[in-house]
Amino acid sequence: MKKTHIAVIVLIALGIAAILSTFTDASTYVSFPLAEKNAGKQFTVIGYLDKEADMNYMPERNQFSFTALDKEGNERKVIYFQPKPQDFERSEEITMKGFATDTAFVAEQILMKCPSKYNESTEVDNTYN
Amino acid sequence: MQYLNEHTFIGALGHFFVVLAFVTALIATLSYYFYHKSDELQWRKMARTSFYIHALAVLGIVGSLYVMIFGHYFEYQYVWQHSSVDLPLYYLISCMWEGQEGSFLLWIFFQVILGLLFMRKAGKWEATTMTLYASVQVFLVSMLLGTYFFGTKIGSSPFILIRQLPEYVGLPFLQNPDYLSAPQFQNGRGLNPLLQNYWMVIHPPTLFLGFASTLPPFVFAMAALWRKKYDEWLKPALPWTYFSVMILGTGILMGGAWAYEALSFGGFWAWDPVENAILVPWLTLVGAAHLMLIQKNKGGNLMSTFVLTFITFLLILYSTFLTRSGVLGDSSVHAFVDLGLNGQLLLYLFFYIILAFGTLFYHWRWLPKATTDDRLWSREFWMFIGALTLTISSFQVTFTTSIPVINKVTAGLLNPFLTTFGWSEVAELAPPIDVIEHYNSWQLPFALLITFLIGFTQFLKYKKTEFGKFLTNIGMSLGLALALTVLLAYAWGFSNALYTAMLFTSLFAVVANTDYWMRILKGNLDYAGASIAHIGFGLIMLGALVANAQKEVISENPTYIAKDFPANENILMELGDTMQMGSYYVSWKGERKEGLNRIFEIDYYKSDGTGGLEKEFTLEPFIQLNEQMGNVAEPSTKHFLTRDIYSHITYAEPEEVRAEKMATGYGREADMEMAIGDSAIYNRHFVILDSLALDPNRSRYEDGQPMNLALVAFLTVINVSGERFSAQPAYLVEGNEVTLEESIVEASGLKFRFDDVNPDNGKVKLKAFTDVSEEKEFIVMKAVIFPYINLLWLGCIIMIIGTVMAIRKRLQRN
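Residues numbered from 1 in each chain as written. Chains lettered and ligands numbered in written order. Predicted model: local features only at pLDDT ≥ 70, side-chain atom pairs only at ≥ 80, totals over all residues. Heavy atoms only, no water.

K.L.:
What am I meant to see in the overall build of chain B here?
P.N.:
Check the secondary structure of chain B and you find 20 helices and 25 strands. A principal-axis box enclosing the C-alpha atoms of chain B has dimensions of 105 × 80 × 60 Å. Here chain B holds 814 residues, and the buried ones make up 55% of them. The contacts of chain B with a sequence gap of at least 6 include a subset with a gap of at least 24, amounting to 68%. When the accessible surface of chain B is summed, it comes to about 35000 Å², and 61% of that surface belongs to carbon and sulfur atoms. Put simply, chain B has 56 plus and 69 minus side-chain charges, and the middle of one group is 20 Å from the middle of the other. (Helix = DSSP H or I, 4+ residues; strand = E, 2+ residues; numbered from the N terminus. Buried < 20%, exposed > 50% of the residue type's maximum accessible area, 1.4 Å probe, protein only. Contact = heavy atoms within 4.5 Å. Areas by Shrake-Rupley, 256 points an atom, 1.4 Å probe, with all protein chains shown as cover. Lys, Arg positive; Asp, Glu negative; His and termini not counted. Charge placed at Lys NZ, Arg CZ, Asp CG, Glu CD.)

Shown next, in the form of structure tokens:
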């Protein structure tokens, strides 16, 4: 067997390993109740901010808490140990990576989608007539 | 209807140029194809003429768009969306590529410019290569057509009037022939303030020139197969490939520099899908360039050379699909809006995948195969291993980045199939929680291997190297790199074995290539391109490693929360206070407003050794109040030769909140929605809504109709020691006027006010406030020290210089 062949076999093996590791490392999009079934395990929840509920940022502890609704409409308190993201109120969708505890979902990372972010729609005020 | 003051001519002209560019590209493709088939010169004449007209038409599109932008013709959607009257010249120029249509146009433009040069230089390859080259132009220009073909949208035109957009057709404002004099048409939305940065002027053009530059190597490789001249294409293709390596690499690094300088990602590389999408083709391109070199000098790996050259171009198309189809929406901070062109982008991608790999498969039987095995101690063998490593590295990045695409495929193809058999659906995958850790765990070993290979491969000769002599030559660099590693790892306290190994290999890459250039090439500049580019790459890796491994978050929250909690990475600063932060003392001196930016002045001090403080420098991180994107924090960095001090504001009270605090002395607003009997907890107090009643003294009826109303909420407030207080905020209605009467509980420093009354469910909304007149203003900041990050930037420059030298040498040899 040629050395190149060995190299190609190693390449394929590494490729398969990379695929497997992606699937192992990948988290899944879940609802809050599913995350709670495996409290402590990391998940990604996509949801929306409950704009009616309390939102509280305590700068001295650097703790931000809010209430989120997941895509199935389950409502949970979320705690985020980071400064309150800029313009959080305006977020349209929130991607929360973190884990469930018995009192709240602890988000380690938050990604927000704002309605206007890279918004390409033309919002010309058309009240003129 | 005839509308007044519209500049419809320029839009029609622009659109005409788009159609002309499309048609001429098509004619050029066909006539070049016939020229390729027949070798008749009249076809060449026709093809060249159409390509020249095509080039003029593309310039016409760019020109028309600029006439519209510079003339502020806000009746055009693209102009209204991306420009405004107040922008300076250089931003008006960059308005063109803010939108998707414009960035396609930029790509087309550069591809045409390169194409004109390519056409003149291609010589005997012209017929075949230009057939493909022009066909790519056909596809790209079709992205700007903006027409419907049997109900399918083909392209998106930048020459559409706002009134032609489907959402505005038939609206009342269009009944007025003079609708353009309305205030909303006097100015556009402008260039997103976040992008108003000099990087916006230089980064996209470099990147799109990089996109365009991957086409010449691709068309050369395809032409080589079509014409069965499997080896001859390498010589003319190499300088183009090196050029592409340089430009695309520069574009990527500029993106990193932009992110580091002006965006608060907290570093220069975040493994964001958009960054990955463009890094990957560069990796395969570098691999392809090296395989082309091996093939040219020694032969034997034609197949892999073709594959990597094809894949590079196809990955550029794939990354275009990823970033423009909206598929990355949930996983990237740069989300792009779907223009509804996915089908077209996919068609384009699959067309070239099938064409390229179909051709390769068909020619498989004629490709010369290597008969002998590579020797272990030969340059070609280790270069091949290097190219394989780059391939697998790019595969790993692509695969994880493609998670959203995998989801689409499972949802669209696999799940319907599974459910028909009664099996459960495959769950939707999300990107790894710790994306950076996931990529680093794979890419660090690859980088380690690559830097090591870069170090010794040049010392090997093609075909055969005497092992003993090789060892003597390389020994010095090995020893020096090892000594430096021990020294630096000790000085910096490196404990991670992988980091230490990487420190060694990147030092080895730098030292060995310097040695090779000085000793073997005797400092000759003519042949030094490769060595110098490799020194640059080694320095980039070294800088990235040290800056990341040794980075130190110095902003710590002195309040203990929990060990290793991210909350500890931010410092809370009150106005005027001086706090210790790492080896510095910092003080927030004040805030000022410049345009959209709230700029915070942060002074950094060093202890002068006698108990006093000495001011070192001031950083001015700011928050941009960006209407289009929300508020964005932008960092401020102090650059020293050996380290950067990077800081950005992670929280500042919104201006309205602060203004309210200043005016009333109350803050920490909270909402409570309550029915009678409900209780709430606010700021360590129990708040109970005992009853709601109309105050008879302040309510007045006339003919049975209420004229004045005073709704009072009777609240009981209980503090932690059980003391009870009462509060009675009121909701007053006099005619059409609503007045909200506040109620203050002095003893506990609380204030209550009505917000709203909901007669449907009998609930009231109340707002609670706390006395904050004693509280100082504060901000929360994060500060990080990146040591030796300048090595990375230095490496970039050296790598670019080295590549330019290599291109020059290749051109001389041709």
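Continuing now.
K.L.:
What should I look at first to understand the overall build of chain A in this one?
P.N.:
Within chain A, the regular secondary structure consists of two helices and seven strands. Moving toward the C terminus, one meets the helices and strands of chain A in the order α-β-α-β-β-β-β-β-β. Burial analysis of chain A (129 residues in total) assigns 49% to the buried set. Counted over contacts in chain A with a minimum sequence separation of 6, partners at least 24 positions apart contribute 47%. Carbon and sulfur atoms make up 54% of the accessible area of chain A, which totals about 6400 Å².

K.L.:
Could you clarify how one ought to interpret the pattern of salt bridges in this entry?
P.N.:
Side chains bearing opposite charge may pair, as long as their charged atoms lie close to each other. Considering all chains together, one arrives at 15 salt bridges over all chains under this definition. For Lys84 of chain A, the salt bridge goes to Glu89 of chain A, with nearest N and O atoms at 2.6 Å. Under the relative-accessibility criterion, Lys84 of chain A is labelled buried at 13%. One salt bridge in this structure joins Glu742 of chain B and Lys751 of chain B, with 3.2 Å as the shortest N-O distance. Owing to a relative accessible area of 36%, Glu742 of chain B belongs among the partly exposed residues under this scheme. Judged by relative accessible area, which is 2%, Lys751 of chain B ranks as buried. The network of salt bridges with common partners includes Arg592, Glu594, Glu601 and Glu620 of chain B. (Salt bridge = Lys/Arg side-chain N within 4 Å of Asp/Glu carboxyl O.)

K.L.:
Before we go on, may I ask you to explain a nonpolar patch on the surface in this structure?
P.N.:
All names here are of chain B. On the surface, a nonpolar cluster with roughly 510 Å² of combined accessible area is contributed by Leu414, Phe417, Phe421, Trp423 and Val426. Structurally, Phe417 is set in helix α14 (residues 403–420). Residue Phe417 is classed as partly exposed on the basis of its relative accessible area of 44%. (Patch = residues over 30% accessible without salt bridge, like charges linked within 9 Å, V, L, I, M, F, W, Y side chains within 5 Å.)

K.L.:
Teacher, can you tell me more about the packing of aromatic side chains here?
P.N.:
What describes a pair of aromatic rings is the distance from one ring centre to the other and the angle between the planes of the rings. All names here are of chain B. Within this structure, the stated rule accounts for 74 aromatic pairs over all chains. Seen in terms of ring centroids, Phe452 and Phe504 are 6.4 Å apart; in terms of plane orientation they differ by 40 degrees. Their pairing is tilted. Taken as a pair, Phe452 in helix α15 (residues 435–457) and Phe504 in helix α17 (residues 497–520) lie far apart in primary sequence, 52 residues in all. We classify Phe452 as partly exposed; its relative accessible area is 30%. Look at Phe504 and you get buried, because its relative accessible area is 16%. Taken together through their ring pairs, the aromatic side chains of Phe139, Phe218, Trp233, Phe306, Phe310, Phe313, Tyr348, Phe351, Tyr352 and Phe357 make up a single cluster. The ring of Tyr362 has Arg365 lying over it, and the distance from NZ or CZ to the ring centre is 4.7 Å. The aromatic ring of Tyr527 is capped on one face by Lys809, whose charged end is 4.7 Å from the ring centroid. (Phe/Tyr/Trp six-rings, centres within 6.5 Å; stacked < 30°, edge-to-face > 60°. Lys NZ or Arg CZ within 6 Å of the ring centre and 35° of its normal.)

K.L.:
When you look at empty space enclosed by the protein in this model, what are you seeing that I'm missing?
P.N.:
Where empty space is left in the structure can be found by rolling a water-sized probe over the atoms. Residue and element names in this part refer to chain B. A full pass over the atoms with the stated rule returns one cavity of 30 Å³ or more. Size it by volume and the largest cavity reaches roughly 60 Å³. Around the largest cavity sit Asn276, Ala277, Val280, Leu315, Tyr318, Ser319, Leu322, Val397, Thr398, Thr401 and Ser402, which together line it. Taken together, the elements giving at least two residues each to the lining of the largest cavity come down to α10 (273–297), α11 (302–324) and α13 (379–401). Broken down by element, the residue count for the lining of the largest cavity peaks at four residues, all from α11. Of the residues in the lining of the largest cavity, the class split is six nonpolar, five polar and no charged. (1 Å grid on protein atoms, 1.4 Å probe; cavity = no way out; pocket = protein on both sides within 12 Å on 5 of 7 lines; lining within 4 Å. Points joined across faces, edges and corners; volume = space filled by probe spheres on them. Nonpolar A, V, L, I, M, F, W, Y, C, P; charged D, E, K, R; others polar.)

K.L.:
Where do I start with the confidence of the model for chain B in this structure?
P.N.:
Any region with low pLDDT has predicted coordinates that should not be read closely. For chain B, per-residue confidence averages 89 on the pLDDT scale, and 97% of positions sit at 70 or higher. The ipTM, which scores confidence in the relative placement of chains, is 0.81 for this predicted complex, and the corresponding pTM is 0.87. (pLDDT = per-residue confidence, 0-100.)

K.L.:
Is there a simple way to explain the sheet that holds strand β24 (residues 763–771) of chain B in this structure?
P.N.:
Backbone hydrogen bonds are what pair the strands of a sheet, in a parallel or an antiparallel way. All names here are of chain B. Sheet architecture is open: four strands sit in the order β14-β24-β23-β22, paired in antiparallel fashion. The two strands at the open ends of the sheet, each matched to only one other strand, are β14 (666–674) and β22 (743–745). Taken over all neighbouring pairs, the strand axes of this sheet differ in orientation by 25 degrees on average, direction set aside. Alignment of β14 against β24, held across seven bridges, turns out to be antiparallel. (Pairing = 2+ DSSP bridges. Axes fitted to C-alpha atoms, helices over the stretch in contact; angles between N-to-C directions.)

K.L.:
Any chance you could explain a negative patch on the surface here in plain terms?
P.N.:
Negative charge collects at one region of the surface, where Asp25 and Glu108 of chain A together with Asp434 and Glu437 of chain B lie side by side. Following the sequence through the fold, Glu437 of chain B ends up in helix α15.

K.L.:
Where do I start with the packing of helix α5 (residues 100–121) of chain B against helix α6 (residues 126–142) of chain B in this structure?
P.N.:
Each pair of packed helices can be described by the angle between their axes along with the distance between the axes. Residues and elements named next belong to chain B. The N-to-C vectors of α5 and α6 enclose an angle of 165 degrees; their axes lie 10 Å apart at closest approach. Viewed along their axes, α5 and α6 adopt a mutual orientation that is roughly antiparallel. The interaxial crossing formed by α5 with α6 has left-handed handedness. On the side of α5, the interface is formed by Phe104, Trp107, Ile108, Gln111, Val112, Leu114, Gly115, Phe118 and Met119, while α6 contributes Glu126, Thr129, Met130, Tyr133, Val136, Gln137, Leu140 and Val141. Class assignment for the residues of the contact of α5 with α6 results in twelve nonpolar, four polar and one charged. (Parallel < 35°, antiparallel > 145°, perpendicular 65-115°, else oblique. Left-handed = near helix turned anticlockwise from the far one by under 90°.)

K.L.:
How should I be thinking about the nonpolar core in this particular structure?
P.N.:
One recurring pattern in soluble globular proteins is that nonpolar side chains are buried together. Residues Trp233, Trp282, Phe306 and Tyr352 of chain B are the most contacted members of the largest nonpolar core, which totals 200 residues. Apart from residues no more than four positions distant in its own chain, Tyr352 of chain B is found in contact with Leu132, Ser135, Val136, Phe139, Phe218, Phe313, Leu314 and Leu317 of chain B. Formed by 24 residues, the second largest nonpolar core is a distinct cluster that contains Val45, Tyr80, Ile94 and Met96 of chain A. (Core = buried A, V, L, I, M, F, W, Y, C linked by side-chain atoms within 4.5 Å.)

K.L.:
What should I look at first to understand the packing of helix α7 (residues 198–213) of chain B against helix α8 (residues 215–226) of chain B in this one?
P.N.:
Residue and element names in this part refer to chain B. Following both chains from N to C, one finds α7 and α8 inclined at 5 degrees, their axes separated by 5 Å at the closest point. In terms of orientation, α7 lies roughly parallel with respect to α8. Contact residues: α7 offers Phe211, Ala212 and Ser213, while α8 offers Leu215, Pro216 and Pro217. Partitioning the contact of α7 with α8 into residue classes produces five nonpolar, one polar and no charged.

K.L.:
Is there a simple way to explain the side chain of Gln111 of chain B in this structure?
P.N.:
Residues and elements named next belong to chain B. For Gln111, the position within the fold is in helix α5. For Gln111, a relative accessible area of 1% gives the class buried. Looking at Gln111, its side chain comes within polar contact range of the side chain of Gln137, at 3.1 Å. Beyond its immediate chain neighbours, meaning those up to four positions away, Gln111 contacts Tyr133, Val136, Gln137, Leu140, Phe211, Ala212 and Leu215. (Polar contact = N/O pair within 3.5 Å; in protein donor to acceptor, adjacent residues only side chain to side chain.)

K.L.:
In this structure, what is going on with unusual backbone geometry? I would like to understand it.
P.N.:
Glycine aside, residues mostly have negative phi angles, and peptide bonds mostly take the trans form. Residue and element names in this part refer to chain B. Its identity as a non-glycine residue notwithstanding, Asp39 has a phi of 65 degrees, on the positive side. Of note in this structure, Trp271 is not a glycine but carries a positive phi near 55 degrees. Counting through the fold element by element, Trp271 comes out in the loop between α9 (234–262) and α10. Residue classification places Trp271 among the buried residues on the basis of a relative accessible area of 10%.

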